[in-house]
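# Per-entry structural report
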Amino acid sequence: MLSERAAAYARVALANIEREFPHSEPVFQSQAGSVPRPRELHPAFYGSLDWHSCVEMHWVLVRLLRLVPDRVPQDEIRSALDAHLSAEALAAEARYFADANNRYAERPYGGAWALQLAEELRALGDADAARWSEGLKPLVDLIVEGFVQWLPKLGYPVRYGLHSNTAFSLSLALPVARREPTFFEAVKDAAMRWYRDDVSYAAEWEPSAFDFLSPALTEAELMASLLPAPEFEFWPQRFLPGIAGRQPTTLFTPVAVSDPTDGHIAHLHGLNLSRAWCWRRLAAALPADDPRSPVMLAAAERHAAASLDQAVGSDYMVEHWLPAYAVLYLSADDGE
C-alpha cells in the first residue's frame, strides 16, 4: 500500500514544505517589535503551517526516498531537500533553538520528530544524506542535550493525546537514543519511572475531543520497545487486561471526524492512524501465536481504513501533517 500511495504523499509533502502561509507558531517576545516572517525564523522548516509539521514532511520525503525510490520523483525530492537542508539553513535553525528564549520551543514533539528525521537520513546513507546529516547535527545535539537535562527533572508524564504526550515523543527519539548511552539511559529511566507499574489503564475514557494520539496505546508501544520480550508479553495483561476480548470498545473503534476543516477536530484522523500504527507495533512485539495479535492487527486495519484516504485530497488542515502518520503506519514494519 505504501508503494501505491507514495507518489501522492510525496507530492503533498513537496507542496507543504514550500507553503509558507498560513502559518501558526508561538513566538516568545521580551520587548516590543515586529515578528519576522516564518522563512526568516526558520529557513529550513518554514512551511506546512508549523515547524513540527514541516519537519514531519521532510521525514516523509526522506523515508519515501529510502523505501520506495522508484515510486517517487527522486530528482525533485533531492533538489527540494538540498535547498531546505543546506548547511546555512540548518545552522540558522540551530541558532534559533540555542537562544535561551526558544530552548523550550517544540519540546518534546517537534524535537522528537527532528530526531526521527536525523535517523531517516542516517538510514538513507548516501552522499546526499551524509551531507544533510552533517548540517542537521548541531540541531540534533541541542535536542539531545535538552532531553538529557529535562527528563530527570520531569516528575510526571504527560498522558493526554496531543503534542506534549511524553510516550510518543520518547518512542520517536529511541532510534537516536540507542546510539547515545547517556540519552538512552535518560529515556529508559523516565519511561520505567512513569509507566512500568501502570495497571488497569482507563482507556474507556479515550478519546478526548482533539486527540491525535492514544495515551494508552502510545504508552504500550513505548514499553514494547523498552521491556525485554518475556516481560512485555505479560505487561499488557496488567495494563489493558481486556485486549483479547476487544475491551474497552472505545479503543477498538475508529473515531468519527465531523469537520476536517476544523484544525482541532481534524486531529482525530491522526488518532485513527496513530492507533493503527500502535496496534501493528504491539502485535509485532508479541509471540506469533499470541491470541491478542490477530485482535490487534484487525484493530489496526479498521483504524487505518477510516482515515488513510484523508491524507491526500482533503483539507489543508489535515494535509499539512497527516501524510506523516499514514507513512508511519504503512511502513511500521521498517521502524525501530
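Parameters and conventions
Residues numbered from 1 in each chain as written. Predicted model: local features only at pLDDT ≥ 70, side-chain atom pairs only at ≥ 80, totals over all residues. Heavy atoms only, no water. Helix = DSSP H or I, 4+ residues; strand = E, 2+ residues; numbered from the N terminus. Rg over C-alpha atoms; globule rule 2.2 N^0.38 Å. Buried < 20%, exposed > 50% of the residue type's maximum accessible area, 1.4 Å probe, protein only. Contact = heavy atoms within 4.5 Å. 1 Å grid on protein atoms, 1.4 Å probe; cavity = no way out; pocket = protein on both sides within 12 Å on 5 of 7 lines; lining within 4 Å. Points joined across faces, edges and corners; volume = space filled by probe spheres on them. Nonpolar A, V, L, I, M, F, W, Y, C, P; charged D, E, K, R; others polar.

Let us now look at the overall build of the chain. Check the secondary structure of the chain and you find 16 helices and zero strands. Taking 20 Å as the expected radius of gyration for a compact globule of 336 residues, we find that the chain reaches 19 Å, a close match to that expectation. Principal-axis analysis of the C-alpha atoms places the extent of the chain at approximately 55 × 45 × 40 Å. Looking at the chain residue by residue over its 336 residues, the buried ones come to 54%. Within the chain, residue pairs in contact and separated by at least 24 positions form 76% of the contacts whose partners lie at least 6 positions apart.

This part takes up the layout of surface pockets. Here the largest pocket defines a volume of roughly 580 Å³. Taken together, 28 residues form the lining of the largest pocket, with Pro-26, Asp-50, His-52, Glu-106 and His-163 sitting closest to its centre. Contributions of two or more residues to the lining of the largest pocket are made by α3 (51-67), α5 (87-98) and α6 (109-124). Take the lining of the largest pocket: its biggest share by element is four residues, from α3.

Under the defined criterion, the tally for this structure stands at one cavity of 30 Å³ or more. Put simply, the largest cavity is a space of about 30 Å³. Every residue lining the largest cavity is listed: Ala-220, Phe-232, Trp-235, Pro-236, Phe-239, Leu-240, Ile-243, Leu-282 and Met-296. Take the lining of the largest cavity: its biggest share by element is four residues, from helix α11 (residues 229-239). Taken together, the residues that form the lining of the largest cavity break down as nine nonpolar, no polar and no charged.

By themselves, these are just geometric observations and shouldn't be taken as functional.
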